[in-house]
Amino acid sequence: MLLELSPDQLLTTTRAVRRRLDFDRPVPRAIVEECLNLALQAPNGSNQQTWQWVLVDDPEVRTAVAQLYAASMAQHLEELQSAASTIPKIDYSDEGNARLTASVNYLLENMHRVPVLVIPTFAGRPDGARPFLQASMWGSILPAVWSFMLALRSRGLGSAWTTIHLHKEREMAELLGVPFERRTQAGLFPVAYTLGTDFKPARRRPVQEVVHWNCWSRK
Ligand SMILES: Cc1cc2nc3c(=O)[nH]c(=O)nc-3n(C[C@H](O)[C@H](O)[C@H](O)COP(=O)(O)O)c2cc1C
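Quick caveat: nothing in here was measured; it's all calculated off a predicted structure. (Residues numbered from 1 in each chain as written. Predicted model: local features only at pLDDT ≥ 70, side-chain atom pairs only at ≥ 80, totals over all residues. Heavy atoms only, no water.)

### A look at the overall build of the protein chain
Regarding its fold elements, the protein chain presents seven helices and six strands. Starting at the N terminus and walking to the C terminus, you meet the elements of the protein chain as α-β-α-β-α-α-β-α-α-β-α-β-β. For a compact globule of 219 residues, the expected C-alpha radius of gyration is about 17 Å, and the protein chain comes in at 18 Å, within 12% of that figure. Burial statistics for the protein chain: of 219 residues in total, 40% are counted as buried. Looking at the protein chain as shown, the accessible area adds up to about 13,000 Å², and 54% of this sits on carbon and sulfur atoms. Of the side-chain charges in the protein chain, 24 are positive and 22 negative, and the distance between the mean point of each set is 6 Å. (Helix = DSSP H or I, 4+ residues; strand = E, 2+ residues; numbered from the N terminus. Rg over C-alpha atoms; globule rule 2.2 N^0.38 Å. Buried < 20%, exposed > 50% of the residue type's maximum accessible area, 1.4 Å probe, protein only. Areas by Shrake-Rupley, 256 points an atom, 1.4 Å probe, with all protein chains shown as cover. Lys, Arg positive; Asp, Glu negative; His and termini not counted. Charge placed at Lys NZ, Arg CZ, Asp CG, Glu CD.)

In C-alpha cells:
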C-alpha cells in the first residue's frame, strides 16, 4: 500500500530509521523486489547497470552478517582512538551526536532481528582509482540505493544507510559468496516496516550556508 506523500514530503521525511524498525513484522520478498525494480530506474554510468544486490532474509545468514557488522564497529571505534586515524572525529559532548550514537548502537545490537538486509554491489574496485573512475563507480550505485530507500518509505518501510561493515568488506564477501576482487559492496541496508509512518524533516544546515553562486568565495 502506498502512503499519501507528496514528492516533497517523501524527499524530506525519508530518514535513517533504526529505533523504529519493526523486527516482528515479516517483509515479503515481493515488496523488496518491487522497491528494487523502481530503484533500477536510477541513473548509472553509460547505462551499464553493473549492480547486483545481495538480499539476506535467512535468519542464520542475518545473524552472521550482524556479527560481522558488530566486529566492524569494534574495529571502527578502535581506529577512531588511534591518533593516526583519518576517520573524522565526532564531538560526543554535542547532544545530537550523543542521540545519534545511541540510535546507531540500537541498530548494532538488533541487526540480526531486521527482516531483510540488503547489500548492493557494483563491478570493479575503486581502491586507488583516480577521481573520475571513483565517481563513476560510486555514482553508478548510490542513486539507485537512495531510490530504493525512497521506494521503501513510500510503502511504509524504512532503512538506514550503513557503511561500517566495509571495514570487513572482504570477510562479508566471503560470507555471502561475493567475488571480492571483482566487485565492491556499497553498504548494508536494513529493511523493515516502520513503527508508525509519521517522520519529520530533519534539521540541516540552511542552504545559504552551503551554496556558492558562480565562485567559491561568494555566497
Ligand atoms: C555514507 C553514509 C554512511 C553511514 N553509515 C552509517 C552506519 O554505518 N551506521 C548507521 O547506523 N548509520 C549510518 N549512516 C546514517 C547516518 O547516520 C544518517 O544518514 C544521518 O545521521 C542523517 O540521518 P537523518 O537523515 O535521519 O537525519 C550513514 C549515512 C551515510 C550517508
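### With respect to the environment of Leu152
Considering the arrangement of structural elements, one finds Leu152 in helix H6 (residues 142-154). Residue Leu152 is classed as buried on the basis of its relative accessible area of 0%. Along the sequence, Leu152 and Ala39 sit 113 residues apart, while their C-alpha atoms lie 9.9 Å from each other. The contacts of Leu152, once residues within four sequence positions are left out, are Cys35, Leu157, Gly158, Ser159 and Val191. (Contact = heavy atoms within 4.5 Å.)

### Considering the side chain of Thr194
In this structure, Thr194 sits in strand E6 (residues 189-194). There is a polar contact of 2.7 Å between the side chain of Thr194 and the backbone oxygen of Gly196. If we ignore the near neighbours within four places in the chain, the residues touching Thr194 are Val17, Arg20, Gly156, Leu157, Gly158 and Phe199. (Polar contact = N/O pair within 3.5 Å; in protein donor to acceptor, adjacent residues only side chain to side chain.)

### Comments concerning unusual backbone geometry
Apart from glycine, the bulk of residues carry a negative phi angle, and the bulk of peptide bonds sit in the trans form. Even without being a glycine, Asn47 presents a positive backbone phi close to 50°. Within the fold, Asn47 resides in the loop between helix H2 (29-39) and strand E2 (52-56).

### Some words on the packing of aromatic side chains
This structure, assessed with the given rule, holds four aromatic pairs. Each ring, one from Phe122 and one from Trp138, has its centre 5.0 Å from the other, and the planes form 70°; the classification is edge-to-face. Highlighted residues: Phe122 in strand E3 (residues 116-123) and Trp138 in helix H5 (residues 131-138), separated in sequence by 16 residues. Since its relative accessible area comes to 1%, Phe122 is described here as buried. The exposure class of Trp138 is partly exposed, given its relative accessible area of 25%. The aromatic ring of Phe199 is capped on one face by Arg20, whose charged end is 4.0 Å from the ring centroid. (Phe/Tyr/Trp six-rings, centres within 6.5 Å; stacked < 30°, edge-to-face > 60°. Lys NZ or Arg CZ within 6 Å of the ring centre and 35° of its normal.)

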